[in-house]
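# Breakdown of the fold
Listed below, chain by chain, are the residues.
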Amino acid sequence: MKSLLVTGSCGLIGSEVATYFLKLGWRVTGVDNNFRAVFFGPEGDTRWTLSRLREFSSYHHRDLDIRDREDILDLMRDLRPGLIVHAAAQPSHDRAAAIPFLDFEVNAVGTLNLLEAARQFCAETPFVHMSTNKVYGDRPNRIPLTELETRWEYADPSFLEGIPESFSIDQSKHSIFGASKVAGDVMAQEYGRYFGMPTCCLRGGCLTGPNHSGVELHGFLSYLVRCNLEGREYKVFGYKGKQVRDNIHSEDVASFMDEFFRNPRSGEVYNLGGGKSNSCSILEAFRMVEELSGKPQRWSYVEQNRSGDHICYYSDLRKMKAHYPAWDITRPLGNIFHEIVESWSRRLVPAHSK
Ligand SMILES: NC(=O)c1ccc[n+]([C@@H]2O[C@H](COP(=O)([O-])OP(=O)(O)OC[C@H]3O[C@@H](n4cnc5c(N)ncnc54)[C@H](O)[C@@H]3O)[C@@H](O)[C@H]2O)c1
């Protein structure tokens, strides 16, 4: 039986990846200590996801902290998995500034703990590291833009397909979170280049899906939909609400990992997002969710943008598609919205009316 070790198994990406491979008949060991509830409070609690994963008999949960080097070494020594997906993280841009040591210990040192344990006990195992487009810092904001009615758009034709992996990660403002993710990203590349291990970094755009526990500081679409359904006000920070994000369904993320497992490369980097066709601005997202739910979106505007936040970002998917021609986006934006609305509608039903 093929075996997967996935860290952050109760988070958005980890749980989707776990479910995807469980359905393919793999044995999956998930590591998650519910730190999301520590970072974001009760709304970030992921225990509901753990109960869902436990419905699969080939899912095995380990309540470990990736910061604990000895525990991670023991785990890797016991398991020697066939694929490692590292998706445990402190994932929020904004939260990191208040908890810089914890953020770095989880995102940078935790990643190193996993890479080194893998090198010692299963160096041939493909290792997928979940990185982020925040490693580019605010450098994408230096690209000249055109202001359209509902969104910003690149004015420089060299970025018509989006941001490529050759874009510099240096000399820009990353946020504390972006900097700790750069450390993990470069380390994962180095374990590929220096030690020859089959590692890759996936620099995610907005990774989303129906299983996300979106909160204000992390999980843009999921949180936006939740606000709409509950009639809560959504706060827009700067850029006139025209800031653009590319959205990719987490199942398309998992299917890419499957492709990488079959055909691993070493020290690679891919920008993994929905690409131009799955991009939308916040204003456009409001319109899409209103059409689906029939409810008006309440929102307010804060003039100050979030520090280092991208004005317009969408991924150039051409390198991924060239290296892995069998892979493509299977969920267009409309389907993603539909699934998130449907999922929140189910989850938000008050207990007494179930
Ligand atoms: N969701 C996105 O839009 C997005 C975009 C770009 C990159 N990413 C990257 O993908 C990865 C996963 O993101 P996500 O959206 O699934 O985040 P998430 O918060 O939903 O999941 C992360 C999981 O890791 C767990 N965790 C945190 N610290 C831990 C620790 N010390 N030990 C064990 N478990 C721990 C949390 O409890 C949580 O369940 C992150 O590296 C993130 O930076 C996500």
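Reference entry: report on the structure contained in this document. (Residues numbered from 1 in each chain as written. Predicted model: local features only at pLDDT ≥ 70, side-chain atom pairs only at ≥ 80, totals over all residues. Heavy atoms only, no water.)

### A short note on unusual backbone geometry
The backbone of N34 sits at a positive phi, close to 55 degrees, despite the residue not being glycine. On the secondary structure map, N34 appears in the loop between β2 (27-31) and α2 (35-40). (Helix = DSSP H or I, 4+ residues; strand = E, 2+ residues; numbered from the N terminus.)

### Thoughts on the packing of helix α6 (residues 100-121) against helix α7 (residues 175-193)
Two numbers describe how α6 lies on α7: the axes approach to 8 Å, and their chain directions differ by 10 degrees. Here α7 runs roughly parallel to α6, going by the angle between their axes. Listed contacts from α7 to P100, D103, F104, N107, A108, T111, L112, L115, E116 and R119 of α6 are I176, F177, S180, K181, A183, G184, M187, A188 and Y191. Taken together, the residues of the contact of α6 with α7 sort by class into 11 nonpolar, 4 polar and 4 charged. (Axes fitted to C-alpha atoms, helices over the stretch in contact; angles between N-to-C directions. Parallel < 35°, antiparallel > 145°, perpendicular 65-115°, else oblique. Contact = heavy atoms within 4.5 Å. Nonpolar A, V, L, I, M, F, W, Y, C, P; charged D, E, K, R; others polar.)

### Thoughts on the packing of aromatic side chains
If you walk through the whole model with that rule in mind, you get 20 aromatic pairs. Note on Y20 and F21: the rings are 5.2 Å apart at their centroids and 70 degrees apart in plane angle, and the pair reads as edge-to-face. Residue classification places F21 among the buried positions, given a relative accessible area of 0%. One aromatic cluster is present, formed by Y136, Y154, F159, F167, Y313 and Y314 through successive ring pairs. One cation-aromatic arrangement involves R119 over F195; the distance from NZ or CZ to the ring centre is 4.5 Å. Here the guanidinium or amino end of R347 rests over the ring plane of W344, the centre of that ring lying 3.9 Å away. (Phe/Tyr/Trp six-rings, centres within 6.5 Å; stacked < 30°, edge-to-face > 60°. Buried < 20%, exposed > 50% of the residue type's maximum accessible area, 1.4 Å probe, protein only. Lys NZ or Arg CZ within 6 Å of the ring centre and 35° of its normal.)

### Examining the site of the ligand
Contacts to the ligand come from 29 residues, most closely from D32, R36, K181, G205 and L207. In the model, an oxygen atom of the ligand is placed 3.2 Å from a nitrogen or oxygen of the G11 main chain. Between L207 and the ligand, the recorded distance is 2.9 Å, taken from a backbone N or O atom to an oxygen atom. Coverage of the ligand by the protein amounts to 97% of the 830 Å² it exposes when considered alone. (Near = heavy atom within 4 Å. Polar contact = N/O pair within 3.5 Å; in protein donor to acceptor, adjacent residues only side chain to side chain. Areas by Shrake-Rupley, 256 points an atom, 1.4 Å probe, with all protein chains shown as cover.)

### So, the pattern of salt bridges
For the structure shown, the criterion picks out 22 salt bridges. For D74, the salt bridge goes to R77, with nearest N and O atoms at 2.8 Å. Separated by 3 residues within a single helix, D74 and R77 lie in helix α4 (residues 69-79), roughly one turn from each other. Overall, the relative accessible area of 33% leaves D74 in the partly exposed class. Its salt-bridge partner being E147, residue K242 comes within 2.8 Å of it at the nearest N-O pair. Of this pair, K242 sits in the loop between β10 (233-237) and β11 (244-249) while E147 sits in strand β6 (residues 145-147), placing them 95 residues apart in sequence. Judged by relative accessible area, which is 10%, K242 ranks as buried. (Salt bridge = Lys/Arg side-chain N within 4 Å of Asp/Glu carboxyl O.)

### Side note on the sheet that holds strand β13 (residues 279-281)
Note on sheets: strands pair through backbone hydrogen bonds, and any given pair is parallel or antiparallel. Read from one edge of the open sheet, 3 strands run β9-β11-β13, paired in mixed fashion. Each having just a single partner strand, β9 (206-208) and β13 make up the two edges of the open sheet. Shown here is a sheet whose adjacent strand axes are inclined to one another by a mean of 40 degrees, direction ignored. Those strands touched by helix α12 (residues 333-347) are β9, β11 and β13, and its axis lies near 75 degrees from that of β11. (Pairing = 2+ DSSP bridges.)

### What to know about the nonpolar core
Within the largest apolar cluster, 35 residues are counted, with the highest numbers of intra-cluster contacts made by L4, I13, V17, V28, L202 and M257. Secondary structure elements with two or more residues in this core: β1 (3-7), α1 (12-23), α3 (47-53), β4 (83-86), β5 (127-132), β8 (199-204), α9 (250-262) and β12 (268-272). Ranked by the residues each element gives to this core, the list is headed by α1, at 6 residues. V28 has contacts with L4, V6, A18, F21, L22, S58, Y59 and H60, leaving out every residue within four places of it along the chain. In terms of nonpolar packing, the next biggest core, distinct from the first, is built from 28 residues, F35, L75, C122 and V215 among them. (Core = buried A, V, L, I, M, F, W, Y, C linked by side-chain atoms within 4.5 Å.)

### Examining the sheet that holds β12
Strand order in the open sheet made by the 7 strands is β3-β2-β1-β4-β5-β8-β12, with parallel pairing throughout. What marks the edges here is a single partner per strand, and that holds for β3 (59-62) and β12. With strand direction ignored, the average angle separating the axes of adjacent strands in the sheet is 20 degrees. Summarising the sheet, β2 and β3 pair through 4 bridges and their orientation is parallel. Bridging from a neighbouring strand, V28 pairs with Y59 of β3.

### Regarding α9
Along its 13 residues, α9 runs 19 Å from first to last C-alpha, staying within 8% of the 18 Å computed at 1.5 Å per residue. By the criterion of burial, α9 is predominantly enclosed, with 10 of the 13 residues buried. Inspection of α9 places S250, D252, V253, A254, S255, F256, M257, D258, E259 and F260 among the buried residues, and these make up the whole buried set. (Expected span 1.5 Å × (residues − 1).)

That's the geometry; what it means functionally is another story.
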